[in-house]
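# Descriptive analysis of the structure
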Amino acid sequence: MTEPVSPPLPEPAPPAPSPVPAAPPAVAAAPLLPARWIATGAAVLAAAATAAGVLAWNTQQRVKALETELVKRQQDAGAEAAEARVAARAAQDVARDAAAKLAVLEARVAESTIQRSQFEEVIQSIARSRDENVLADVENSLRVAMQQTAITGSAEPLLITLKQADERLARYKEPRLERVRRALAQDLDRTRAAGVADLALLAIRLDEAVRAVDELPLLASVERRRGAASKPAAAAAAQAAPASSASSVDVGDASVPWSERWKLVAGAVWQEVRSLVRVTRIEQPEAMLVAPEQAWFLRENLKLRLLNARLALMSRQFDTAQSDLRDALSVLDRYFDPQSRRVTTAIELVRQVQSQARVATVPRPDATLAAIATVSAGR
């Protein structure tokens, strides 16, 4: 930049001549006045010229310095401009590369976005298909369990299938499957509350009763009569032995009065008579009339009754089973010894089967099937 140059100062005007008092006219002094004024004017002009020269030189030096500074700055500006042009070209190249890279990145981002959306759709379809497969498996297993329950008459297959389905759905932790789990819990409670008899367990109990029939003692059996007869005879012998020994001792004793002797003799005779005759109360007279050769037919008929009841239970004919069980209990109470532990156990088994062999409808898992259909339709 150039600094402003101050314009050259104007030369000072020569001072106005001061009024000179009029001198008396003289002829000798007249030529001296112009010379003084000329010298003074010349001095003033010399001083002004010197000042103007100094000022011009100073101004010229300043102009040269300014020109030098301007040239230097112009050179610096040219170098900086060249550098700026190079930097601008580099920046343009970088911007061009960046724009190209940005376009490539945008294309890749768009491609990745499309791929991500497709991947999410694939994942959702896989999840939906997985849930649909799980629900289809649960529904098929429930229908198979319903068929098994209808065949066996036991609610155990349905209970096991409902528990397994609940555990399987709990592992997935899907919010859309919570409705199915709530329906499974309702069906589990309803199935447990149904109280359906376990026909397999009842059949096992009847098999145990059938196996025990051959070992049950009859009221008319020889072994029981001998055992019953030996007990009063032993008791009578135990009572008669002291009496006979006392009578033998006391009767032979001369110090015993005759009245006491007659009492001892009469007591011994009475014990002998009581041992010969026995009176027994029989609640079922026909039970004592069973001949030994008829006992086999009685046991076989009882087995047939129990086996018929078992077949009726397995075929879910509970009325027929109840009738056969009542007849079996009647035979056990009438012809077999109620004091025997084996007979008591057999009667208890038959009564347990009779109390549990009743018609009970296993509830259908309708709530679970409806929830599965709703979730499958919603997708």
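First things first, this report covers the structure right here in the doc. In this text, all values refer to a predicted model and were calculated from it rather than measured experimentally. (Residues numbered from 1 in each chain as written. Predicted model: local features only at pLDDT ≥ 70, side-chain atom pairs only at ≥ 80, totals over all residues. Heavy atoms only, no water.)

### Considerations on the overall build of the protein
When its secondary structure is counted, the protein shows ten helices and zero strands. Secondary structure elements of the protein occur, N-terminal to C-terminal, as α-α-α-α-α-α-α-α-α-α. Taking as baseline every contact in the protein between residues at least 6 positions apart, the subset at least 24 positions apart corresponds to 77%. Entry remark: accessible area of the protein is about 26100 Å², with carbon and sulfur atoms responsible for 60%. (Helix = DSSP H or I, 4+ residues; strand = E, 2+ residues; numbered from the N terminus. Contact = heavy atoms within 4.5 Å. Areas by Shrake-Rupley, 256 points an atom, 1.4 Å probe, with all protein chains shown as cover.)

### Quick look at the nonpolar core
The biggest cluster of nonpolar side chains holds 30 residues, and the ones touching the most others in it are Leu206, Leu302, Leu306, Leu313, Leu332, Phe336 and Val350. Residue assignment for this core shows that the elements contributing at least two residues are α4 (199–212), α7 (292–314), α8 (318–335) and α9 (341–356). Counting residues per element, this core draws most heavily on α8, at eight residues. Those residues in contact with leucine 313, other than ones at most four positions away along the chain, are Leu199, Leu202, Leu206, Phe318, Ala321, Val353 and Ala357. (Core = buried A, V, L, I, M, F, W, Y, C linked by side-chain atoms within 4.5 Å. Buried < 20%, exposed > 50% of the residue type's maximum accessible area, 1.4 Å probe, protein only.)

### A few points about the pattern of salt bridges
Evaluated as defined, the whole model comprises 14 salt bridges. Between lysine 303 and aspartate 214 there is a salt bridge; the shortest N-O distance is 2.7 Å. Note that lysine 303 is positioned in helix α7 and aspartate 214 in the loop between α4 and α5 (222–252), a separation of 89 residues in sequence. For aspartate 214, a relative accessible area of 45% puts it in the partly exposed group. Here the salt bridges do not stand alone but share partners, grouping Asp214, Glu300 and Lys303 into one network. (Salt bridge = Lys/Arg side-chain N within 4 Å of Asp/Glu carboxyl O.)

### Overview of the side chain of threonine 191
Here threonine 191 lies in helix α3 (residues 178–194). Look past the residues within four positions of threonine 191 in its chain and what remains in contact with it is Ala155, Leu158, Leu159, Leu162 and Pro363.

### Some points on α4
Compared with the 20 Å implied by 1.5 Å per residue over 14 residues, the 20 Å span of α4 between its first and last C-alpha is a close match. Inspection of α4 places Leu199, Leu202, Ala203, Arg205, Leu206, Ala209 and Val210 among the buried residues, and these make up the whole buried set. Down the axis of α4, the buried side of the element spans an arc of 160°, and every buried residue falls inside it. (Expected span 1.5 Å × (residues − 1). Arc of directions from axis to C-beta.)

### Observations concerning a nonpolar patch on the surface
Nonpolar side chains collect at one region of the surface, where Trp258, Trp262, Val265, Val269, Trp270 and Val273 lie side by side and expose about 700 Å² of accessible area between them. Tracing the backbone through its elements, the reader meets tryptophan 258 in helix α6 (residues 258–276). (Patch = residues over 30% accessible without salt bridge, like charges linked within 9 Å, V, L, I, M, F, W, Y side chains within 5 Å.)

### Considerations on the environment of leucine 218
Relative to the helices and strands, leucine 218 is located in the loop between α4 and α5. Look at leucine 218 and you get buried, because its relative accessible area is 5%. Separated by 119 residues in the primary sequence, leucine 218 and aspartate 337 have C-alpha atoms spaced 5.5 Å apart.

### Topic: the packing of aromatic side chains
In the structure shown here, the tally under the stated rule is one aromatic pair. Ring centres of tryptophan 296 and phenylalanine 297 lie 5.0 Å apart, and the angle between their planes is 85°; on these two criteria the pair is classed as edge-to-face. (Phe/Tyr/Trp six-rings, centres within 6.5 Å; stacked < 30°, edge-to-face > 60°.)

### Observations concerning the packing of α8 against α9
Their axes nearest at 10 Å, the elements α8 and α9 cross at an angle of 160°. Looking at the two axes, α8 sits roughly antiparallel to α9. Of the two possible hands of crossing, α8 and α9 adopt the one that is left-handed. On α9, the residues that touch Gln322, Leu325, Arg326, Leu329, Leu332 and Asp333 of α8 are Val343, Ala346, Ile347, Val350, Arg351, Val353 and Gln354. Among the residues forming the contact of α8 with α9, the class breakdown is eight nonpolar, two polar and three charged. (Axes fitted to C-alpha atoms, helices over the stretch in contact; angles between N-to-C directions. Parallel < 35°, antiparallel > 145°, perpendicular 65-115°, else oblique. Left-handed = near helix turned anticlockwise from the far one by under 90°. Nonpolar A, V, L, I, M, F, W, Y, C, P; charged D, E, K, R; others polar.)

### Observations regarding α9
The end-to-end C-alpha distance of α9, which contains 16 residues, comes to 23 Å, matching closely the 22 Å that a straight helix rising 1.5 Å per residue would cover. Considered for burial, the residues of α9 that qualify are Val343, Ala346, Ile347, Leu349, Val350 and Val353. For α9, the arc enclosing every buried residue in end-on projection is 160°, short of the 170-degree limit, so these residues lie on one face. In this structure serine 340 caps α9, since a side-chain oxygen of it lies 3.4 Å from the backbone nitrogen of arginine 342. (Polar contact = N/O pair within 3.5 Å; in protein donor to acceptor, adjacent residues only side chain to side chain.)

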